[in-house]
Structures are given as structure tokens and as C-alpha cells.
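# Results of the structural survey
Letter by letter, the chains look like this.
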Amino acid sequence: DLIAVIELERKAINDLKAAMGVRDLAAISTALKTATKLGLGSRKEAQQAEVLRAKLEEEDRIIRQLERAAEERDLEKLGDYINSATENGLDGHDAVTAARKVMDELLAETDAEKQEEMRAEEEKRKAEYESKIDGIKAEISEALKAEDMDKVSDLKSKAIESGMKKEDLDSLLGAAEAMEANKEMLSELSAAMETMKQFAESKNGITDAEVKQLQEVIDRARQTELSENVPLFKEAIEYLSKVEKQLDIQAQLKSAMEEGTFEALKDALEAAGDLELDIDLVVEAREMMKDKGADRPVEIRKQADEVGEIDEDEFERRRRQNLMMAKNERFSFKKFYKIRSNGDYVKGVYFNKKKIADGKLAYQKTIIPKSILNLKTKDLNKMALGINKSILGYCGEQPMQFPATLAQDILIKGLEENELVDEIFIQLCKHLTNNRKPESVGRAWQLLCMAVGTFPPSGDFEHYLLNFLIEHITVPGLVGNYARYSLRRLEGMLIRGASGFVPTIDEILAYKERPPVLSTIELVDGTHLTEDLPIPPDLNVTRVLEICTHFLNLEDDRKESFGIFVQDDEDDEDEGELAASAYSAMRQQQEAGNDEDGPPPPPGAGNDAPQPPPRTPRPLRGKDYMGDVVVQMTRQRRRTTFVFKRKIFTAGSDYKSKDPVYSRLMYLQAADEVISGNVVVDKEADLLFLTAIAIAADSEEFPSKEEDLLEASLTEYIPLAWRSKKTDANWARAVISQRGKVIRKPAEYLETTYVDIVSKYPLWGQCFFYVRKEIEGSDMICGVSHKGIHFYSLKRKQLQVYNFAELERWGGSSTQFWVLVNDKTKKKKVRVALYTSQARDMSNLILDYAKLTKK
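Below: a short report on this structure. (Residues numbered from 1 in each chain as written. Predicted model: local features only at pLDDT ≥ 70, side-chain atom pairs only at ≥ 80, totals over all residues. Heavy atoms only, no water.)

## Let's talk about helix α26 (residues 626-635)
Here α26 lies mainly inside the structure; eight of its 10 residues are buried. Listed as buried for α26 are Met626, Gly627, Asp628, Val629, Val631, Gln632, Met633 and Thr634. Following α26 by one or two positions, Arg637 adopts a phi angle in the positive range, close to 55 degrees. (Buried < 20%, exposed > 50% of the residue type's maximum accessible area, 1.4 Å probe, protein only. Helix = DSSP H or I, 4+ residues; strand = E, 2+ residues; numbered from the N terminus.)

## Some remarks on the nonpolar core
Judged by nonpolar contacts, the single largest core of 90 residues is most densely connected at Ile521, Ile564, Met626, Phe644, Phe702 and Tyr754. In terms of residues, this core owes the most to one element, helix α28 (residues 684-698), which gives nine residues. Once you skip the residues sitting within four places of it in the chain, Phe702 turns out to touch Ala692, Ile695, Ala696, Leu709, Val735, Ile736, Arg739, Val742 and Ile743. One finds Ile368, Leu448, Leu466 and Ile470 within the second-largest nonpolar core, a separate group that totals 78 residues. (Core = buried A, V, L, I, M, F, W, Y, C linked by side-chain atoms within 4.5 Å. Contact = heavy atoms within 4.5 Å.)

## With respect to the pattern of salt bridges
Summed over the entire model, instances satisfying the criterion amount to 33 salt bridges. The partner of Arg615 in a salt bridge is Asp568, with the nearest N and O atoms 3.4 Å apart. With Arg615 in the loop between α25 (585-594) and β4 (618-619) and Asp568 in strand β3 (residues 562-568), this residue pair connects regions lying 47 residues apart in the sequence. Classification of Arg615 as partly exposed rests on a relative accessible area of 31%. A salt bridge links Glu706 to Arg733, with the shortest nitrogen-to-oxygen separation between them at 3.3 Å. With a gap of 27 residues between them, Glu706 in helix α29 (residues 706-711) and Arg733 in helix α31 (residues 728-736) connect regions that are remote in the sequence. (Salt bridge = Lys/Arg side-chain N within 4 Å of Asp/Glu carboxyl O.)

## Thoughts on the environment of Ala357
By secondary structure assignment, the location of Ala357 is in helix α16 (residues 353-358). Considering only alpha carbons, one finds Ala357 and Lys347, 10 residues apart in sequence, at a separation of 10.0 Å. The contacts of Ala357, once residues within four sequence positions are left out, are Asn342 and Val346.

## Examining helix α17 (residues 378-394)
With 17 residues, α17 extends 24 Å between its outermost C-alpha atoms, agreeing within 8% with the 24 Å of an ideal straight helix rising 1.5 Å per residue. For α17, every residue scored as buried is listed here: Leu380, Asn381, Ala384, Ile387, Asn388, Ser390, Ile391, Leu392, Gly393 and Tyr394. Positioned one or two residues after α17, Gly396 has a phi angle of 90 degrees, which is positive. (Expected span 1.5 Å × (residues − 1).)

## Points about the side chain of Lys430
Tracing the backbone through its elements, the reader meets Lys430 in helix α19 (residues 421-431). It turns out Lys430 is buried and unbridged, and the closest side chain with the opposite charge, Glu423, is 9.3 Å from it. (Lys, Arg positive; Asp, Glu negative; His and termini not counted.)

## Description of the side chain of Asp659
Along the chain, Asp659 falls in the loop between β5 (640-646) and α27 (660-676). At a separation of 2.7 Å, a polar atom in the side chain of Asp659 contacts the main-chain amide nitrogen of Glu555. Ignoring any residue separated from it by four or fewer positions in sequence, one finds Asp659 in contact with Asn553, Leu554, Glu555 and Asp556. (Polar contact = N/O pair within 3.5 Å; in protein donor to acceptor, adjacent residues only side chain to side chain.)

Spatial relationships are all this shows, so hold off on functional conclusions.
The following block contains the structure:
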């Protein structure tokens, strides 16, 4: 018993310390003998005891010699022995005092010269002794400051050997003794913990008596000066709490097994899983739960319309709770309790049994011999084999026609047969484990994305599926994208209930064209309209806009004029790139720019080629797909943001709205256009008034002091072209002067007033693009509005306007935009060609306006 051995060693060391403390030669000899038997001869305490024993024996010899010399009244010997006694720190000993008295009597009978000589020799020896002792004291003090306990121990032996007085040594080594005691206590704590860990790792579990041993050591440590904040002490206390919890869980497992209900066993095993217990009791309880769960009906969460509304805070709370629990390693899908045993799985198989059993939960391109899970009936097992065949067919492992139909059949079976949902999910997890075929991996992830959007796993399997997805969300490329999408869809399904909708064949086919994505869409002020919104591959921009207007509760008839813009972020380098393995060659060609309908890639450019004009936020067409945009932007290593704002402005469409949401959106867009410089405000007085309106609309209270206004980010409201014309303090002073015009005005009034003012500027309602006449020429600006095409200098001075009535045709390539116009002044058709990287964006927007003009 390790604890018993530690106790014996501790007692032997304490006996040594006690014997040394009273300088008892016999006790020291006895304690040393015991310590040697226990193999403690190399301990510092034993070595110091050896030194002290030798010292005490030397002192005893000197005293006996001194006493004989005194009896013989031998002056020469008395002088030598008294000097030896002085050198060994025995000045205060009774025998030395008596011998010195005899020596004084003898000296009185000698001549004065002899007396002086002997006294001088004694003083010299005494001074040398004191100097040596002072040096040792200084060394001990330095070693204590450095907390060098090995050196302190060596110096202690040296001090004993040199005859340092016990009280002086004790005074110096008081702190060292405390440090040493703490070190010993920590060593004992460490040994007790190691012993406890051996018990805890045993398949038999732990007992109260074993835990009590650790408790006793901790109790002794608490009686010392050792702080509980010392890492090892703190770890011991935490470990004690863990093993005490293990005792409770072992009792809970036993009680659950006696009760014999599925729920009690599940609760006990989940508690055991939290501590990652791997003991025989857990195995027995798991087997019992498997038996109890065999006839238990599979519970699937109700459909969304049966669950009721859940607010966002509650949704987020539940989502985080689910994720936190699912991250535990015990929820690896391979540990699901319903998985068949290897023997059952290969029963009836005649060849390669071990290989088939070993691959039960890993990718294989052949059909499985049985369902992965223990299913209730032979019919369900037969259906599970059919599902596996369909998975292999969809993923390209088995040559089968109409793969989209196979995928749909899997989803229908999962929706109709609750008993099969976990089998479907675990077969997909199996197919994705150790699968080195990119095409097959992509197809299996597509199936998983569809499945989590159609039905959730059972309550028993949900955390296992979450764990599988969490493990893959950080994988680079397409796999990580699919995993993040699936996780988001599943989180919503688990909280809000099943959708109950099976994708159509067309919707399934869309997965081959583009990946599903998670999209965050912002308003112009950076507020998130949607965050990680799951967008399946069949959902085009028009349908995404419907979702956005629904989220906003936007009711104004002009909601149809809003669009989604793709805005390049400042840092457009993206390390992650979506893999293309799951896409057809045709799709890759489309993404490379060979598709007349698709958005173009940026113009190719070598190191010496001129750079194209800068990009501006580009409006997406209603028939564009977000997945295509994400793939294209990622391949071009461009970080982008999706922005929801008004895209189309028609004549007379700026009338006041009764919809506060619409009014707010228009105010935000108007403010953004002014601040960004798209709408140029020429007069300072107008700018100051607009700035004051914006600050008042955005603030609960308009700051009354200049410094408060600056702290409220005043300069962010000032267009860049104006900022350098005043110091920040002067801008604050100027805006404060407008305060009286806007305070105490309702926010709705301020926002409407702001839009009324801005909408009267000629640049309002235009979408701008950078263009050039020559590839290496200067940039200018092209604006598209309901009036036609406008060309401006960089300072927004109008250069040319072509009304839609003058436009014959227009088009573009990846590097050029062209338009054929009827030039009334020249009375002929003129082809205007301009260099830009946004030609198709311009063409599509002009087409939208041209259609409205015809209407």
C-alpha cells in the first residue's frame, strides 16, 4: 500500500528531525538506523543527521579531553583543548567554563608573558570561529532569498559541522523548514493523487475507502501553512471533487440498473459520460439501456408549425446549450448505444468477417450486410439496405440512373419512417468517414444538407450528429462549408421542429450546380439583417429578397425596388478556397466566365498588365444565386459583404411612406450616399444641417458640448471630401450651431426631412461604376438611373447623358462595356466603348431600367 509506505517514511523523517532538534546522540543514531532500513539514507535529513551525529561525537571527545586536562592541571593541554572547544562552538559548555577557571588559576602561578601569549591565542581562535560562522550565515541568507533549498541543506550540514549554535541555526532556518515542510506536503499530495488515479482508471471503479485516503492527505495539507492556491494543492482539491462525483455517479448507475428504466439509465450514462468514465459498470448499464431501448419508439421533434414561436434570445440560449453538450467526445457517432455489435453485424457473412466488422463505421463502396443500428423488424432492416444502396448510387459508388430520384427517395423514407432517421444519418456519417474520393464526399455532404433540412434526428441521436458536424466545420474548402450549413440547419430544426418538406427533383439537381451557403446580409449601416442564413442552392436572389423583406416586416409597395448588392471588403485576400470537386466541368466553365448569363470573373492580368478600374458595390439580378456568387468571390480570393438596399429608383417614387421600416431604410441609404460622397453636397450650410439631422436621428439626446459630440463620432458623419476643410473641433462647433433646429423633433420627422432634402440632389438614386475611355487612362464615373446613363468626372461633374430613348443596344465582356446610341447632335449611331471590370453589372441594371421604361 503506497499510502502506508509514505506514512512510515514520513514518521522516520519526523523522528530524525526531532532527534536533531534536541541534539540527542542516542536518538539520532536510532532514527538513522530506521531511516536506512527504509532506504532513506540519501534524504537530506538523513545526511544532516549523519553530520550532526559525527559533530556530537567530536564534541563529546573534546569535553572528555578537557575534563582530563583540568583534573591533571596541565596548562598546555588546557589551552589546546579550550581552543578546540571554541572552534567547535562549545564556549558556553559547563566543562569549558570549569576548565577555563582551572587555567586561570594555573596562569596566575606563571609569568605575565606566558599568560598574555595564551590569552592572545584563545582570542585569535575565537575571532576565526566567529568569522567562519558569519560567512556561513551570509551564505544561508542568500540561498534562502533565492529559495535554493538544495544549497540551504548543504549549508546546514556545513553549519552543524562548524559548530554553529543551535539557536542561531534555528533562527536562520525557520523559513527554510517551512519551505521544506511545504515541499514534503506537496510530494505527499502528488503521491496520493497518483494512487487515486490508478484506482480511478481501474475497470472496477473506486471505493469510499480509496477516496478517504486522498481526503485525509488534503486535510493534513490544510493544517500546514501551504496555500490552497498552490497549483498542485488546487489540482488535488479539484481531483478530490471529481472522484467524489464519480462515487455519486457509480451509485446513480447502480440505482438506475436496479430501477431498470430507459430514462434512468440514460440519465446515469449521460452523467458518466460527462466524466468520461470507462468502467465495467458503464458497460453493463449501456448494454441494459440498449436492451430497454430496442422496443422504444423513436421520438422525432414536432413539425415547426406545432412548436410555436420562439424568440431569438431563447433560440440562441438553446443553440449554445446544445453545442456545448455536443462537443463532448462521448458523443462521437461511433459511440451511439443503438449500433449493432460486430458479431451481430457480420452474422450470416461467410468471408472477411473481421474486415467487414472493422469497417462497420467507415466508408465502403459496397452495400452493407445489415443495418448499422438495431432496428425492430426485418422490413426496417431491408429498407435500411435500400437506403444504403441509394446513398451509394447518389454518391457515384454504384452505377444507377436518376441519382436525384435516389436522393429524394431517401428523404421520403426518413420523413415517413421515424425508425429510419437515425439509420440514415449514421449511414451518411459512415460514408464520410475515411472517404478519400472528393466527388463521393461532396455528394454525401449534399445528402446530409438535404436531410437536416427535411427531418431532424431522434432525441437520442441529435447530440451525436451535432458532434459529427462540429468536428468538420473547421475543415477547409467545400467540406467545411457543407458542415457549417448543415449545422445551422440542424440547430434550427432541433429547436423549431421539422420542416416536413422534401426537396423537389429540381431542388436536388441544384446541389450539383452550386453549394448551399450561409449568408450574412447587412443594411447599409452595417447592421446584420440576417446572420448565417442557410440558403439552399435552388434559392435565387428574388426569393432571398422575399425573406429579407419578411424579416424586416417591410410592407411598402416599393419593397420590390430593393436589391442585394455585393460589396468588396477592404481586405480582399481570402486564404480559404472552396474546392470544386463536386461540380461538373460545365459548371467550372461557367464560373470561369464562359457563361453568357453568369457574372464575369475579374479581368486576367499579368504582373505588367494595367489594373482595371476599382469595383463598386454591384447589384445582383433576381435570377442570380447566392451560392454562385460565394463560389466565384472565394475563387477570386475576394472578401465580400452582401448589402440589402434600394436598387431601382423611378420618377416620382420618393413620396412619403406610411411604413416606418421603409422610411428608416431610405434614411439610412440617403445618409450613406451623402457620407460616402456619392451624393455631393456643395454648400457647407446644407451639409451642417444634414449632419445635425443625422446625429439627432441616431442619438437619444443631441450632445450639447463639443467634446461630447466628438466622442459621439461626429467625423464619421462628415463626407470625406469635406473633413480636411476644418479641424475636428471646428466641425463640432459648427454642427453644435445647428442643434436648436433639430432637438425635440421626432426621429420619424428627422429621417423623412433628411430623405426629402437628399432626394432633390441630381445624383440621388443613381448606381455608380468606375470606367475608363482608355485601358491605361484616367478613371471616370458612370451612373445608371431611371433617366438613363450619366458620365461624370471623379468630382461628380456631369460630362454626358444618354437617355434610354437614345439607347439602341448595349453589352459587355469581362473587360469592356459598350453602348450603341443615337447621337442627336451628330445625327448618327455612335458606339461608345469603355473599360471596366463591371460591364455585365452595368448591362443588367440598364436592362432592368429599360424594362421599367417600356412599361
